[in-house]
Amino acid sequence: MADEKDSKYLAALKYHEVGRPGKIEVASTKPTLTSNDLSLAYSPGVAAPCLEIAKNPEDAYKYTAKGNLVGVISNGSAVLGLGNIGALAGKPVMEGKGVLFKRFADIDVFDIEVDESTVEGMVSVVEKLEPTFGGINLEDIKAPECFEIEKQLVEKMNIPVFHDDQHGTAIIAAAGFINALEISKKKISDVKMVFSGAGAASIACANLFIDLGAKKENLMMCDSKGVIYQGRTNGMNQYKEMFAVKTERRTIADAMKDADVFIGCSARGVLTKEMVKTMAKYPIIFAMANPEPEILPEEVAEVRDDAIMATGRSDFPNQVNNVLGFPFIFRGALDVRARKINSEMKMAAVHALAGLAREEVPEEVKLAYDNADFSFGPEYIIPKPFDTRVLTRVAPAVAKAAMDTGVSRIEIPDLQEYANSLEDRLGTSGALMKSLRDRLSTWVKRQGLVKMVFAEGSNTRILQAVNQLVDEKKIDPILLGSKTQVHSKMESLGLDHLKELEIVTPAKSEHFPSFISEFSKRKERDGVSIYHAEDMMAQENYFGAKMVQQGLANAFIAGPTLSYPSCFKPVMKVIGTEEGKKAAGIFLLVFKERVLFLADCTAQIDPSSEDLVEIAASAAELYHSLMKKEPRVSFLSFSSFGSNHHPSARKVKKAVEIAKKKYPKMECEGEMQADVAVNKRILDKLFSFNGLSGQTDILIFPDLSSANISYKLLQQLSDADAIGPILVPLAGTANIIQRTASVSEIVNMCNLTALLSIVDDFKRKKGMKNGKENN
């Protein structure tokens with residue numbers, strides 16, 4: 001064990017030391033490539049926003065990062081389990097806090113370590129920082145000073161001040177406590193509770209539990225000197241005095257007899273197996289000391305089989321982890337420019353977290369935890385930190401509470417749309433998907449919901465995605481499969497409200513005979529007999545594609561459990577491509593500062609020069625439909641502008657020549673190497689004669705191998721989000737969900753497909769097969 005601890009210690013040191021020391025950096029959000037950029041970022045251009053803010057201080061939220069910036073401030077007097085190690089030694093923890101703010105809620109942080117031990121000194125320093133920050137997160141300040149520091153700052157400052165060691169732990173513990181009470185069938189007003197520890201976290205937990213409905217007279221708090229009782233003088237302060245009770249019990253062992261609940265914010269070994277034995281039936285034990293809990297779950301299991309257990313550790317079920325709270329509470333508070341974080345906002349966070357734990361857990365969350373199967377019960381009463389739904393549940397709940405209680409400066413008119421935007425901002429594709437969803441909403445208001453048919457209607461991820469789509473009210477889903485199986489899966493997922501959706505079993509559909517007849521007739525010279533047609537139409541991928549081809553649905557979504565070829569073949573056989581065209585699969589790679597379209601990533605193995613031209617034309621049309629502007633297209637090779645005469649390079653060079661003649665309005669260039677194509681400065685420096693007016697938007701690869709390998713490498717090794725593959729140019733709208741797609745990725749693909757179905761329908765109605773969308 002000692003060797004293991006030494007190994008982890010050294011690994012942690014190496015983690016912090018390697019490369020740039022520490023864990024954080026400051027990055028520019030605006031371009032700084034030219035002297036003009038710098039003149040706008042600093043002198044003289046910076047004077048303009050300064051003057052505007054001087055006239056109207058609220059404009060600081062408009063022209064600076066204040067609205068998304070939190071100060072993580074500590075004096076290092078109570079750092080994790082390390083004690084009073086000082087402000088400087090606590091800096092790695094504060095940097096880590098900044099990482100968590102950014103990772104889970106996209107909030108920027110400056111960590112500030114203050115060498116000051118007095119209440120007056122801390123208050124004086126922090127209150128003067130109000131112009132800099134949108135909120136203050138106090139961290140690792142010892143009790144009882146922390147209570148007074150926070151109290152005074154809340155009163156003095158006009159931005160949220162939140163001591164996470166108090167309220168963060170309390171909020172997460174309270175959410176788990178609510179659910180533990182429900183499982184154990186106990187009433188909060190009846191339970192007898194023992195609190196171990198009388199510091200910031202323990203007192204905050206006790207206060208919040210009382211706000212939830214626990215009776216103060218049923219609560220017994222203990223510290224290192226035993227029970228806090230009326231008349232005790234040793235080791236007391238005004239905050240402990242609030243929880244002093246009239247009792248003859250003096251030790252924690254005395255207090256634990258017949259207790260329903262143990263809440264530990266103290267130290268390893270405080271709670272023993274003998275004490276647990278004396279607790280009431282179905283005890284609730286939250287042993288939250290870090291890094292070692294007051295008692296281990298396996299120790300409890302040795303003496304009780306009816307306990308509900310939570311700890312602060314990630315390697316045990318029911319982790320009371322503050323990261324479930326502070327990022328999302330601040331996110332909601334910042335987004336309404338709240339003046340404070342009040343009790344109603346904290347309570348909103350509690351109930352949002354408790355409610356989320358009762359919902360079905362998406363597959364991507366299970367994948368993040370080695371495919372563990374989470375479901376509401378004794379070992380799952382608190383959501384997991386990597387569940388992205390925490391952001392979309394807690395932040396809107398907090399924002400709403402702030403608005404309802406009058407502490408917000410601005411209003412959020414549509415909380416559902418706000419929740420959608422929160423999910424988007426965690427990925428680089430957020431801004432793009434928001435703009436596409438906004439356009440889809442506009443079209444839907446004009447034309448009605450998009451009818452979208454889904455193969456594999458009983459698939460868990462499909463149903464979870466459909467549940468979100470129904471809430472968004474843009475898509476009308478049709479599910480394929482056995483009605484009995486689909487309903488059974490809905491029930492197991494807690495999605496009974498989806499039972500009213502249309503569910504079609506292909507072989508039992510009224511359209512089944514006509515689909516067979518029409519398909520066999522159309523394909524009779526392609527080796528498809530009436531019997532083959534019947535077998536095919538009984539399969540969901542063929543039947544779903546046929547529904548689109550026959551106009552019974554606007555779009556079809558294949559997958560997500562079958563291989564890509566198994567889904568691609570039915571779509572091509574039934575829907576096919578526009579006349580005279582070949583299919584191509586296009587991926588969108590969404591980086592932080594740009595979007596690239598890559599083609600062809602899934603369909604044509606070794607396209608000819610002519611094929612490459614049509615792939616480029618289809619990709620350019622898709623780009624214009626989605627991005628509302630003309631693209632710049634680069635044809636890729638291992639050669640740049642004739643530097644190599646290999647047949648493969650000549651193929652691409654010929655494609656560029658054909659493209660410029662056939663599509664003179666398409667801005668394209670090549671052949672060129674990939675680094676030249678994606679870096680305009682290199683392109684202009686080495687090949688100043690090139691005809692591109694700006695950065696490349698579309699990359700056309702010479703073959704399927706290079707395209708497929710490239711997008712998968714970029715998807716895994718960069719910060720880019722990959723959206724696709726999008727099939728073009730089809731005679732009807734259909735796309736294929738990848739087997740690895742998460743629920744959120746399926747939702748994105750469905751929204752994108754729905755928008756494309758409207759665009760395609762518009763073109764067909766106007767007879768504009770090769771036209772442009774005008775909306």
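I will try to describe carefully the structure that is included in this document. (Residues numbered from 1 in each chain as written. Predicted model: local features only at pLDDT ≥ 70, side-chain atom pairs only at ≥ 80, totals over all residues. Heavy atoms only, no water.)

1. Focus: the overall build of the protein
Consideration 1: Helices and strands together make up the secondary structure of the protein, namely 31 helices and 21 strands.
Consideration 2: For 775 residues, the compact-globule estimate of 2.2 N^0.38 gives 28 Å, and the C-alpha radius of gyration of the protein, at 30 Å, lies within 12% of that figure.
Consideration 3: Along the three orthogonal principal directions, the C-alpha set of the protein runs to about 95 × 70 × 55 Å.
Consideration 4: Taking all 775 residues of the protein together, the buried fraction comes to 53%.
Consideration 5: Considering only contacts within the protein whose residues lie at least 6 apart along the sequence, 70% involve residues at least 24 apart.
Consideration 6: Accessible area of the protein: about 35,200 Å², with a carbon and sulfur share of 52%.
Consideration 7: Taking the 95 positively charged and 102 negatively charged side chains of the protein as two groups, their mean positions are separated by 4 Å. (Helix = DSSP H or I, 4+ residues; strand = E, 2+ residues; numbered from the N terminus. Rg over C-alpha atoms; globule rule 2.2 N^0.38 Å. Buried < 20%, exposed > 50% of the residue type's maximum accessible area, 1.4 Å probe, protein only. Contact = heavy atoms within 4.5 Å. Areas by Shrake-Rupley, 256 points an atom, 1.4 Å probe, with all protein chains shown as cover. Lys, Arg positive; Asp, Glu negative; His and termini not counted. Charge placed at Lys NZ, Arg CZ, Asp CG, Glu CD.)

2. A few points about the pattern of salt bridges
Consideration 1: Within this structure, the stated rule accounts for 41 salt bridges.
Consideration 2: Among the salt bridges present, the one from Asp335 reaches Arg331, with a minimum N-O distance of 2.8 Å. Highlighted residues: Asp335 and Arg331, both in helix α14 (residues 326-335), separated by four residues, approximately one helical turn.
Consideration 3: The exposure class of Asp335 is buried, given its relative accessible area of 18%.
Consideration 4: Arg331 sits in the buried class, given a relative accessible area of 1%.
Consideration 5: Taking the shortest distance from any N to any O, the salt bridge between Lys654 and Glu610 comes out at 3.6 Å. One end of the pair, Lys654, is in helix α27 (residues 647-662); the other, Glu610, is in helix α26 (residues 609-627), with 44 residues separating them in the sequence.
Consideration 6: Residue Glu610 is classed as partly exposed on the basis of its relative accessible area, which comes to 39%.
Consideration 7: Residues participating in the shared-partner salt-bridge network are Lys91, Glu95, Asp111 and Glu113. (Salt bridge = Lys/Arg side-chain N within 4 Å of Asp/Glu carboxyl O.)

3. Section: the side chain of Thr602
Consideration 1: Here Thr602 lies in the loop between β16 (595-599) and α26.
Consideration 2: According to the relative accessible area criterion, Thr602 is buried, its value standing at 16%.
Consideration 3: Residues contacting Thr602, with those up to four places away along its chain left out, are Tyr564, Gly585, Phe587, Leu704, Pro725 and Leu727.

4. Some details on the nonpolar core
Consideration 1: Counting residues in hydrophobic clusters, the biggest one holds 103 residues, and the most contacted among them are Phe177 and Phe286.
Consideration 2: Non-local contacts of Phe286, meaning those with residues more than four positions away in its chain, are made with Ala173, Gly176, Phe177, Phe262, Ile263, Gly264, Ala310, Val320 and Ile381.
Consideration 3: Val466, Leu493, Val590 and Ala754 belong to the second-largest nonpolar core, a separate cluster that totals 67 residues. (Core = buried A, V, L, I, M, F, W, Y, C linked by side-chain atoms within 4.5 Å.)

5. Details of the sheet that holds strand β3 (residues 135-138)
Consideration 1: Strand order in the open sheet made by the four strands is β2-β1-β3-β4, with parallel pairing throughout. The open sheet has two free edges, formed respectively by β2 (108-113) and β4 (161-163), since each of these has just one partner strand. Direction aside, neighbouring strands of the sheet carry axes that sit 20° apart on average.
Consideration 2: Of the pairings in the sheet, the one linking strand β1 (residues 69-74) to β3 comprises four bridges and is parallel in character. Looking at the pairing, Val72 lines up with Asn137 of β3.
Consideration 3: Where helix α7 (residues 145-156) meets the sheet, its contacts fall on β3 and β4, and the angle it forms with β4 comes to roughly 165°. (Pairing = 2+ DSSP bridges. Axes fitted to C-alpha atoms, helices over the stretch in contact; angles between N-to-C directions.)

6. A short note on the packing of aromatic side chains
Consideration 1: Using the criterion set out here, one finds 17 aromatic pairs in the structure.
Consideration 2: Judged by centre distance (4.5 Å) and plane angle (40°), the ring pair of Phe147 and Tyr239 falls under tilted. Of the two residues, Phe147 sits in helix α7 while Tyr239 sits in helix α10 (residues 238-241), which places them 92 residues apart along the sequence. The burial state of Phe147 is the same as that of Tyr239; both residues are buried.
Consideration 3: Taken together, the ring pairs connect Phe101, Phe162, Phe326 and Phe330 into an aromatic cluster.
Consideration 4: Taking NZ or CZ as reference, Arg250 lies 3.7 Å from the ring centre of Tyr229, over its face. (Phe/Tyr/Trp six-rings, centres within 6.5 Å; stacked < 30°, edge-to-face > 60°. Lys NZ or Arg CZ within 6 Å of the ring centre and 35° of its normal.)

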